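Structure assessment
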Amino acid sequence: MGIRVKLPLISLIVPVKNEEDAIVPFVTRVTRVLDGLREPDGSRVDWEILFVDDGSTDATLAAMIAANQVDPRVVGISLSRNFGKEAALSAGLDNARGRTVVPIDVDMQDPPEVIGEMLDKWRIGYEVVYGVRRNRMTDSFPKRLTADLYYRAHNYLSADKIPEHAGDFRLLDRRVVEVIRQMPERNRFMKGLFAWSGFRQTAVEYDRAERAVGTTKFNYWKLWTLAIDGITSASTLPLRVWSYMGAVIALFSLFYALYLLVRVMIYGVDTPGYASMMVATLFLGGMQLLSLGILGEYVGRILVETKHRPIYVVRQRIGAPEGEE
Ligand code: UDP
Ligand code: MG
């Protein structure tokens with residue numbers, strides 16, 4: 001083992017995509033906060049910031065390298081292309097060395113001041129301390145509404161309940177990190193993985209600020225895709241519900257057939273019936289397409305999983321200690 005760098009107590013993992021202007025303010029503010037933290041014996045807390053450059057096309061990587069030269073506690077990895085925030089977080093979890101790991105956004109929407117509070121909860125025995133947003137007033141009304149609907153739908157459909165209005169900002173004990181690292185799936189819907197892992201979990205409240213610099217990397221279509229990923233990875237109810245639908249419709253059509261039979265026997269044959277035919281055909285056609293689509297969603301996911309491709313590819317490391325892989 002030889003001379004060993006003391007393992008940091010806290011690793012911040014920070015996915016960044018085109019955030020050249022956000023790196024310096026983030027490092028400055030976080031350094032001030034983390035340097036203020038103390039161990040129970042009064043000594044300074046050891047920490048590292050691990051940036052994960054998620055295929056940035058601007059000067060983000062250069063900013064990371066510069067930050068590492070100023071302070072070697074700032075390290076980073078750069079992925080070979082944009083793999084998405086969830087994959088970048090996986091890369092962060094795989095490369096963080098801390099006894100606790102805190103995924104945090106670079107845009108200061110997650111206030112680093114809360115980390116001290118999270119650490120206190122961890123010290124009294126919680127393995128997961130997630131940040132819950134006190135209010136979503138910094139979000140637009142449609143975003144609040146869709147987020148709300150999403151959490152409800154997810155928790156209704158899935159057995160692993162995700163805490164409402166908790167983002168990825170949380171403190172994870174090393175043991176939780178190891179559990180998540182062992183999950184083999186390509187589909188990295190982090191909130192779902194965190195929820196599945198269990199352990200003693202608690203919340204701290206915080207106010208989510210406005211984005212400090214740069215622009216959001218998520219539009220509604222991306223959020224919708226993320227929501228689908230979340231639900232299909234955590235629940236098979238959308239698949240199974242169609243058998244019940246089918247059974248109910250079949251039952252109805254049986255009664256309808258009986259009714260028609262009786263009517264024909266009493267009143268004789270009458271041809272009109274175009275409207276009811278049309279309604280039945282369209283309704284069933286729509287249902288079939290919908291259920292086929294949902295089947296497709298799941299089959300597509302199986303395909304992705306069976307390829308066993310890596311979740312991300314590292315192109316370059318910045319300041320990672322030697323011998324660490
Ligand atoms: N991000 C990333 N890869 C992506 C999209 C986003 O690493 O493909 C990072 C981004 O740089 C930021 C964090 O994920 O640090 C959260 O993104 P953003 O602030 O745009 O999301 P929002 O807060 O608007 O939901
Ligand atoms: Mg943000």
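In this text, all values refer to a predicted model and were calculated from it rather than measured experimentally.

Protein coordination at the magnesium ion (ligand 2): the donors are Asp107 (OD) and Gln109 (OE1), at 1.9 Å from the metal. Here Asp107 and Gln109 have matching classes, each one buried.

With that settled, the discussion passes to the layout of surface pockets. Approximately 520 Å³ is the volume found for the second largest pocket. Forming the walls of the second largest pocket are 19 residues, and the residues nearest its centre are Tyr256, Leu260, Ser276, Met277 and Ala280. Among the elements of the structure, α9 (237–267) and α10 (274–306) are those that each provide at least two residues to the lining of the second largest pocket. When residues of the lining of the second largest pocket are assigned to their parent elements, the largest contribution, eight residues, is made by α9.

On the secondary structure map, Ala153 appears in helix α5 (residues 141–157). For Ala153, a relative accessible area of 31% translates into the label partly exposed. Sequence separation between Ala153 and Ala227 is 74 residues; the distance between their C-alpha atoms is 9.5 Å.

It is worth spelling out the environment of Pro142 at this point. Note that Pro142 resides in helix α5. In this structure, the C-alpha to C-alpha distance between Pro142 and Ala153, residues eleven residues apart in sequence, is 16 Å.

Here we come to the packing of aromatic side chains. Summed over the entire model, instances satisfying the criterion amount to four aromatic pairs. When the centroid spacing of 5.8 Å and the interplanar angle of 55° are considered together, the rings of Tyr150 and Tyr151 count as tilted. Residue class for Tyr151 comes out buried when judged on its relative accessible area of 4%. Judged by centre distance (6.0 Å) and plane angle (25°), the rings of Tyr256 and Tyr259 are stacked. Pair noted here: Tyr256 and Tyr259 are both in helix α9, with a separation of three residues, about one helical turn.

Quick look at the UniProt feature "transmembrane region" (unreviewed entry) in the protein now. As annotated by UniProt and renumbered to match this structure, "transmembrane region" (unreviewed entry) occupies residues 241–262 and 274–299. The distance from the first to the last C-alpha atom of residues 241–262 is 32 Å, and the span holds 100% helix and 0% strand. As a span, residues 274–299 carries 100% helix and 0% strand, and end to end its C-alpha atoms are 37 Å apart.

Of all residues adjacent to ligand 1, which total 19 residues, the nearest are Glu19, Asp54, Asp107, Thr216 and Lys217. Between ligand 1 and Val106, the relevant distance is 3.4 Å, taken from an oxygen atom to a main-chain nitrogen or oxygen of the residue. When the free accessible area of ligand 1 is taken as 540 Å², the share hidden by the protein chains comes to 94%. Each residue belonging to the shell around ligand 1 can be placed in one class, and the counts come to four nonpolar, four polar and eleven charged.

With that settled, the discussion passes to the nonpolar core. Burial of nonpolar side chains together is a common tendency in soluble globular proteins. Ile10, Leu12, Val14, Phe26, Ile49 and Phe51 are the most contacted members of the largest nonpolar core, which totals 36 residues. Breaking this core down by element, the ones donating at least two residues are β1 (10–16), α1 (23–35), β2 (47–53), α2 (60–70), α4 (114–123), β6 (166–173) and β7 (201–206). Discounting chain neighbours no more than four positions away, the residues touching Ile10 are Leu34, Leu37, Val45, Asp46, Trp47, Glu48, Thr100, Val102, Ile115 and Leu119. Grouped together as the second largest cluster of nonpolar side chains are 19 residues, Ala96, Val101, Tyr130 and Leu172 included.

This part takes up a nonpolar patch on the surface. Taken together, the side chains of Leu251, Phe255, Leu258, Leu261, Val262, Met265, Ile266 and Tyr267 make up a nonpolar region of the molecular surface, amounting to roughly 940 Å² of accessible area. Its place among the elements puts Leu261 in helix α9.

What follows concerns the pairing of β1. Counting buried positions along β1 yields seven of seven residues, so the element is predominantly enclosed. Residues Ile10, Leu12, Val14 and Val16 of β1 are buried on one face, and the alternating residues Ser11, Ile13 and Pro15, pointing to the opposite face, are buried as well. Two elements, β1 and β2, share seven bridges in a ladder whose sense is parallel. When the bridges of β2 are listed, Ile10 appears paired with Trp47. Read as a crossover between parallel neighbours, the route from β1 over α1 to β2 is right-handed. One ladder, built from four bridges, connects β1 with strand β4 (residues 100–103); its direction is parallel. Bridge pairing in β4 links Ser11 to Val101.

Attention shifts here to the sheet that holds strand β8 (residues 314–318). Pairing is mixed in the open sheet, where eight strands are placed in the order β7-β5-β6-β4-β1-β2-β3-β8. The strands lining the two open edges of the sheet, one partner per strand, are β7 and β8. The average angle at which neighbouring strand axes cross in this sheet is 20°, direction not considered. Those strands touched by α4 are β1, β4, β5 (128–133), β6 and β7, and its axis lies near 45° from that of β6.

The rules we used
- Residues numbered from 1 in each chain as written.
- Chains lettered and ligands numbered in written order.
- Predicted model: local features only at pLDDT ≥ 70, side-chain atom pairs only at ≥ 80, totals over all residues.
- Heavy atoms only, no water.
- Donors = N, O, S within 2.8 Å, 3.2 Å for Na, K, Ca; no water.
- Buried < 20%, exposed > 50% of the residue type's maximum accessible area, 1.4 Å probe, protein only.
- 1 Å grid on protein atoms, 1.4 Å probe; cavity = no way out; pocket = protein on both sides within 12 Å on 5 of 7 lines; lining within 4 Å.
- Points joined across faces, edges and corners; volume = space filled by probe spheres on them.
- Helix = DSSP H or I, 4+ residues; strand = E, 2+ residues; numbered from the N terminus.
- Phe/Tyr/Trp six-rings, centres within 6.5 Å; stacked < 30°, edge-to-face > 60°.
- UniProt positions renumbered as here; feature names shortened; annotations may be inferred.
- Near = heavy atom within 4 Å.
- Polar contact = N/O pair within 3.5 Å; in protein donor to acceptor, adjacent residues only side chain to side chain.
- Areas by Shrake-Rupley, 256 points an atom, 1.4 Å probe, with all protein chains shown as cover.
- Nonpolar A, V, L, I, M, F, W, Y, C, P; charged D, E, K, R; others polar.
- Core = buried A, V, L, I, M, F, W, Y, C linked by side-chain atoms within 4.5 Å.
- Contact = heavy atoms within 4.5 Å.
- Patch = residues over 30% accessible without salt bridge, like charges linked within 9 Å, V, L, I, M, F, W, Y side chains within 5 Å.
- Salt bridge = Lys/Arg side-chain N within 4 Å of Asp/Glu carboxyl O.
- Pairing = 2+ DSSP bridges.
- Right-handed = clockwise from strand over helix to strand, strands pointing away.
- Axes fitted to C-alpha atoms, helices over the stretch in contact; angles between N-to-C directions.

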